[in-house]
Amino acid sequence: MKIMRLIILTCFFLCGCQSPIKPSQPEATLETAETMDTLPQRPDVFSFSRHDQVKITHLDLNLKVKFKQQIMDGFVTINYKVIKPQANQLILDTRDLKIKRVESIEAKKTHKLVWRMGQSIEGLGSELIINLPDNHAPIKISYETMPQASGLQWLGAEKTSGKKHPFLFSQSQAVHARSWIPVQDTPSVRVTYNANIQVKAGLKVVMSADNNNQQAIDGIHTFSMQQPIPAYLIAIAIGDLQLQTISEHVTIYAEKEILQAAAYEFASTENMITATEAMYGKYRWGQYDLLILPPSFPFGGMENPKLSHITPTVIAGDRSLDSLIAHELAHSWSGNLVTNALWQDAWLNEGFTSYIEARIIEAIYGTDRMLMESTLIYQSLVEEMSELSEDAQKLINPSKTSDPDDYFSGVAYDKGRFFLEWMEQQVGRPDFDQFLNGYFEQYAFKSITSQDFVAYLEHNLLRQFPHKITEKQVDVWLNQPGLPEFFTPPATQIFTVIDQQVETWLAGDVEAKQINTASWTTQEWLHFLRALPPQLNTEQLHELDHAFQLTQRKNSEIAHDWLKISINNQYQAAYARLIDYLSSIGRVKLIKPLYEALMEHPDLHNLAMNIYIKSRPGYHNIAIKQIDAIVGFKQPE
Ligand code: BES
Ligand code: ZN
């Protein structure tokens, strides 16, 4: 998930255009409408909350799910801690919530509290300001979500595999929890939670929590999450879900049509847990379940604790795309246990996780596969960075933006990963593993900033190895654009051989069908497709397609790369497959580049728009927002 609008946004702000918030002077904008003007600037620009004053600690959710109206209706009871004794208000984030009543609860009696909606900022929602009761008793908020809740996708039965029951899933990261729960929606604040969720009989509910009911009574499903987590990790999904326990810690939840295939595909999960525990200490969350979502899920995966949400597009039939599971599992240490305090520090979550993902893949599948993935990633990173502003190429990214998703570029993921790999190479694996172990121990269940990490690094690694890693080098990694010149990019002989084969084919020395591809894995196919020149003629495309059945490939990544080549060279024989692909998958990473490629060819604008109009109703809000902008779609008034 690498969203890049940073350059456009930066430019947008520099042009002085009207914008919902002005990141160049966030304090000024936020303070003017502020009534609590004695309070300092908000600790997190993407949250209204003043958790430096009053911090929430626990939520009790009671929600009834109404599929017909596409709303959740009920209440949340909030426990909190008053940090500054003089503080007299609790400020929460909301977005498109109908707040009905706010009360305090004491010995089962309720008392009305004074509350009001404060400032609104586009994309971030509205602040809910509640006057605290004198005795600091828990606060009960009765509310309803709205059908357009940005963190929920409601799917009609026709959009599920079974076609009989509707489906609902949440996606709270980065700032969408507030669209279904009034909450301090910042990764700096952690809560435990309990939930009672009422749905009609026949549907199963799962959450990022312990599941207390194999048998729900009266359609009420109960959950509890006893470890404190930030709001972006609160998750729910409801549907006609079946389950299969595949190992000690792992149960797979999915619609029955794909359950078997998922169980086969993700069979390495238990071994991945064991391998990660051996490197970084105990898995602290009990169960590690996987929920396979409908294909409209906008991401590859989401690391909701105890229950990762997973796209079905990685079910390739040969386990070749399961590094996604390694990634989401790795977040159980980097992200869920030690969390970035601010979205600006996204690399602390995603860079560490991408590094651990690679370590897991190496442990399970060996160095060849890890190196192939690393090399593919390196090539994409270089390409992506060439389009980013200098600031956006820095791990400690000083750019301002109104959308926290902008911090999740390849820089946070892959430059972060290469930084950690590089440090590992300098000090050696055993010492680096020990260092990371200590880091997870030290900051478990805490939210930290890049500066906290740097201080820890200086004390616990640089001091021990002053001649192996210098402060200057660390500074180059963190605060300079691009990749350091002292970094050696990953490479693999396996790809060099493929490069040579591409060369001989292009030179006309061999036919495509003579290339020996019999043992190629997904990663080799991807490299092959990426090694082809941008311009190919129809004859060449036919030859490749005929020799390798590329248009018919079921592997979503290989199909993606081939369809992109087909668009760029107007290879019409692949258009039917393109239409089918774009209308059946909603994962942004796979669909966005194809719409972008279509829009680069004026001849294909109509095709793009026609496909989009047909597919848009099946896409998630997160995808719609991005693809609308790419194809220039305007909602009819
Ligand atoms: N936490 C992210 C997904 C995310 C990031 C959602 C930012 C919303 C805002 C997840 O762990 C992730 O990185 N997913 C990647 C997986 C890939 C790098 C293996 C994805 O979805 O592509
Ligand atoms: Zn991630």
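Everything below is about the structure shown above.
Small disclaimer: the values here were computed from a predicted structure and weren't measured. (Residues numbered from 1 in each chain as written. Chains lettered and ligands numbered in written order. Predicted model: local features only at pLDDT ≥ 70, side-chain atom pairs only at ≥ 80, totals over all residues. Heavy atoms only, no water.)

### Digging into the coordination of the zinc ion (ligand 2)
Ideal geometry at a metal gives 109.5 degrees between four tetrahedral donors and either 90 or 180 degrees between six octahedral ones.
Okay, step 1: The protein atoms that coordinate the zinc ion (ligand 2) are His-327 (NE2), His-331 (NE2) and Glu-350 (OE), at distances of 2.0 to 2.1 Å.
Okay, step 2: Read in sequence order, the donor residues coordinating the zinc ion (ligand 2) give the pattern H-x3-H-x18-E. (Donors = N, O, S within 2.8 Å, 3.2 Å for Na, K, Ca; no water.)

### Regarding the layout of surface pockets
Okay, step 1: When its volume is computed, the second largest pocket comes out at roughly 480 Å³.
Okay, step 2: Lining the second largest pocket are 18 residues; nearest its centre among them are Pro-295, Pro-312, Thr-313, Ser-584 and Ile-585.
Okay, step 3: Take the lining of the second largest pocket: its biggest share by element is four residues, from helix α16 (residues 575-584).
Okay, step 4: For the lining of the second largest pocket, a count of residues per class yields ten nonpolar, four polar and four charged. (1 Å grid on protein atoms, 1.4 Å probe; cavity = no way out; pocket = protein on both sides within 12 Å on 5 of 7 lines; lining within 4 Å. Points joined across faces, edges and corners; volume = space filled by probe spheres on them. Helix = DSSP H or I, 4+ residues; strand = E, 2+ residues; numbered from the N terminus. Nonpolar A, V, L, I, M, F, W, Y, C, P; charged D, E, K, R; others polar.)

### Structural notes on the environment of Lys-625
Okay, step 1: With respect to the helices, strands and loops of the structure, Lys-625 is situated in helix α19 (residues 621-631).
Okay, step 2: For Lys-625, a relative accessible area of 53% gives the class exposed.
Okay, step 3: Of the polar contacts made by the side chain of Lys-625, one reaches the side chain of Asp-403; its length is 3.3 Å. (Buried < 20%, exposed > 50% of the residue type's maximum accessible area, 1.4 Å probe, protein only. Polar contact = N/O pair within 3.5 Å; in protein donor to acceptor, adjacent residues only side chain to side chain.)

### Focus on a negative patch on the surface
Okay, step 1: On the surface, a cluster of negative charge is made up of Glu-383, Glu-387, Glu-596 and Glu-600.
Okay, step 2: Take Glu-387: it is sitting in the loop between α7 (367-385) and α8 (410-427). (Patch = residues over 30% accessible without salt bridge, like charges linked within 9 Å, V, L, I, M, F, W, Y side chains within 5 Å. Areas by Shrake-Rupley, 256 points an atom, 1.4 Å probe, with all protein chains shown as cover. Salt bridge = Lys/Arg side-chain N within 4 Å of Asp/Glu carboxyl O. Lys, Arg positive; Asp, Glu negative; His and termini not counted. Charge placed at Lys NZ, Arg CZ, Asp CG, Glu CD.)

### Quick word on the pattern of salt bridges
Okay, step 1: Within this structure, the stated rule accounts for 27 salt bridges.
Okay, step 2: Here Glu-144 makes a salt bridge to Lys-98, at a shortest N to O gap of 3.6 Å. Of the two residues, Glu-144 sits in strand β8 (residues 139-145) while Lys-98 sits in strand β4 (residues 97-106), which places them 46 residues apart along the sequence.
Okay, step 3: Residue Glu-144 is classed as buried on the basis of its relative accessible area of 14%.

### Quick look at the nonpolar core
Okay, step 1: Among the nonpolar cores identified, the biggest contains 148 residues, and Ile-197, Phe-419, Tyr-439 and Phe-453 are the most heavily contacted of them.
Okay, step 2: Those residues in contact with Tyr-439 that sit more than four places away from it in its chain are Val-338, Leu-348, Phe-352, Ile-448, Phe-453 and Tyr-456.
Okay, step 3: One finds Leu-526, Trp-562, Tyr-581 and Val-631 within the second-largest nonpolar core, a separate group that totals 50 residues. (Core = buried A, V, L, I, M, F, W, Y, C linked by side-chain atoms within 4.5 Å. Contact = heavy atoms within 4.5 Å.)

### Notes on helix α9 (residues 429-442)
Okay, step 1: Its 14 residues place the ends of α9 20 Å apart at the C-alpha level, agreeing with the 20 Å of an ideal helix rising 1.5 Å per residue.
Okay, step 2: Buried residues of α9: Phe-432, Asp-433, Phe-435, Leu-436, Tyr-439 and Phe-440, and no others. All buried residues of α9 lie within an arc of 160° about the axis, which places them on one face of the element. Along α9, exposed side chains directed more than 90 degrees from the buried face belong to Pro-430, Gln-434 and Glu-441. (Expected span 1.5 Å × (residues − 1). Arc of directions from axis to C-beta.)

### With respect to empty space enclosed by the protein
Okay, step 1: This structure, assessed with the given rule, holds two cavities of 30 Å³ or more.
Okay, step 2: In this structure, the largest cavity spans a volume of roughly 70 Å³.
Okay, step 3: Lining the largest cavity, in full, are Gln-344, Ala-346, Trp-347, Ala-392, Lys-394, Leu-395, Asn-397, Tyr-407, Ser-409, Val-411 and Ala-412.
Okay, step 4: Breaking the lining of the largest cavity down by element, the ones donating at least two residues are α6 (346-365) and α8.
Okay, step 5: Residue composition of the lining of the largest cavity, grouped by class: seven nonpolar, three polar and one charged.
Okay, step 6: Counted as a void, the second largest cavity has a volume near 30 Å³.
Okay, step 7: Thr-160, Gly-162, Lys-163, Lys-164, His-165, Pro-166, Phe-167, Asp-240 and Glu-255 together form the lining of the second largest cavity.
Okay, step 8: For the lining of the second largest cavity, a count of residues per class yields two nonpolar, three polar and four charged.

### Some details on the site of ligand 1
Okay, step 1: Taken together, 16 residues form the shell around ligand 1, and within it Gln-173, Gly-300, Glu-303, Glu-328 and Tyr-413 come nearest.
Okay, step 2: In the complex, 93% of the free accessible area of ligand 1, which totals 530 Å², lies under the protein chains.
Okay, step 3: Of all the secondary structure elements, the ones that give two or more residues to the shell around ligand 1 are β19 (301-302) and α5 (323-330).
Okay, step 4: Of the residues contributing to the shell around ligand 1, the split by class is six nonpolar, six polar and four charged. (Near = heavy atom within 4 Å.)

### What to know about the environment of Ile-585
Okay, step 1: As for its placement among the helices and strands, Ile-585 is situated in the loop between α16 and α17 (588-599).
Okay, step 2: Taking the C-alpha atoms as reference points, Ile-585 and Pro-294, separated by 291 residues in sequence, lie 8.8 Å from one another.

### Things to note about the sheet that holds β8
Strands pair in a sheet through their backbones, by hydrogen bonds, and they do so in one of two ways: parallel or antiparallel.
Okay, step 1: A sheet is described by the order of its strands in space; here eight strands give the open sequence β5-β4-β8-β2-β1-β11-β14-β13, paired in mixed fashion. Each of the sheet's edge strands pairs with one partner strand only, and the pair in question is β5 (109-112) and β13 (210-211).
Okay, step 2: Pairing analysis gives twelve bridges linking strand β1 (residues 54-66) to strand β2 (residues 71-82), with the strands arranged antiparallel. Paired with Leu-61 across the strands is Val-76, a residue of β2. (Pairing = 2+ DSSP bridges.)

### Overview of the sheet that holds strand β6 (residues 115-121)
Okay, step 1: Taken together, the three strands give an open sheet; going across it, the order is β3-β7-β6, and neighbouring strands pair in antiparallel fashion. Looking at strand neighbours, the two that pair on one side only are β3 (89-94) and β6, the edges of this open sheet. Averaged over all pairs of adjacent strands, the angle between their axes in this sheet comes to 25°, without regard to strand direction.
Okay, step 2: For β3 and strand β7 (residues 125-131), the ladder comprises six bridges, and the chain directions are antiparallel. Directly across from Leu-92, in β7, lies its bridge partner Leu-128. (Axes fitted to C-alpha atoms, helices over the stretch in contact; angles between N-to-C directions.)

### Overview of the packing of α7 against helix α13 (residues 522-531)
Okay, step 1: Relative orientation of the contacting elements α7 and α13 amounts to 30°, with a least axis distance of 10 Å. Taken as axis vectors, α7 and α13 run roughly parallel relative to one another. Regarding α7 and α13, the two cross each other, and that crossing is left-handed. Between α7 and α13, the contacting residues are Arg-369, Met-372, Glu-373, Leu-376, Gln-379 and Ser-380 on the first element and Gln-523, Glu-524, Leu-526, His-527 and Arg-530 on the second.
Okay, step 2: Among the residues forming the contact of α7 with α13, the class breakdown is three nonpolar, four polar and four charged. (Parallel < 35°, antiparallel > 145°, perpendicular 65-115°, else oblique. Left-handed = near helix turned anticlockwise from the far one by under 90°.)

### What about the pairing of strand β17 (residues 251-254)?
Okay, step 1: Along β17, one buried face is formed by Thr-251 and Tyr-253 and the opposite face, lined by Ile-252 and Ala-254, is buried too.
Okay, step 2: Pairing analysis gives four bridges linking strand β16 (residues 242-245) to β17, with the strands arranged antiparallel. Bridge pairing in β17 places Gln-244 opposite Ile-252.
Okay, step 3: Hairpin remark: β16 followed by β17, antiparallel, with five residues in the connecting loop.
Okay, step 4: The pairing of β17 with strand β18 (residues 289-292) spans two bridges and is parallel. Residue pairing for β18: Ile-252 is matched across the bridge by Leu-290.

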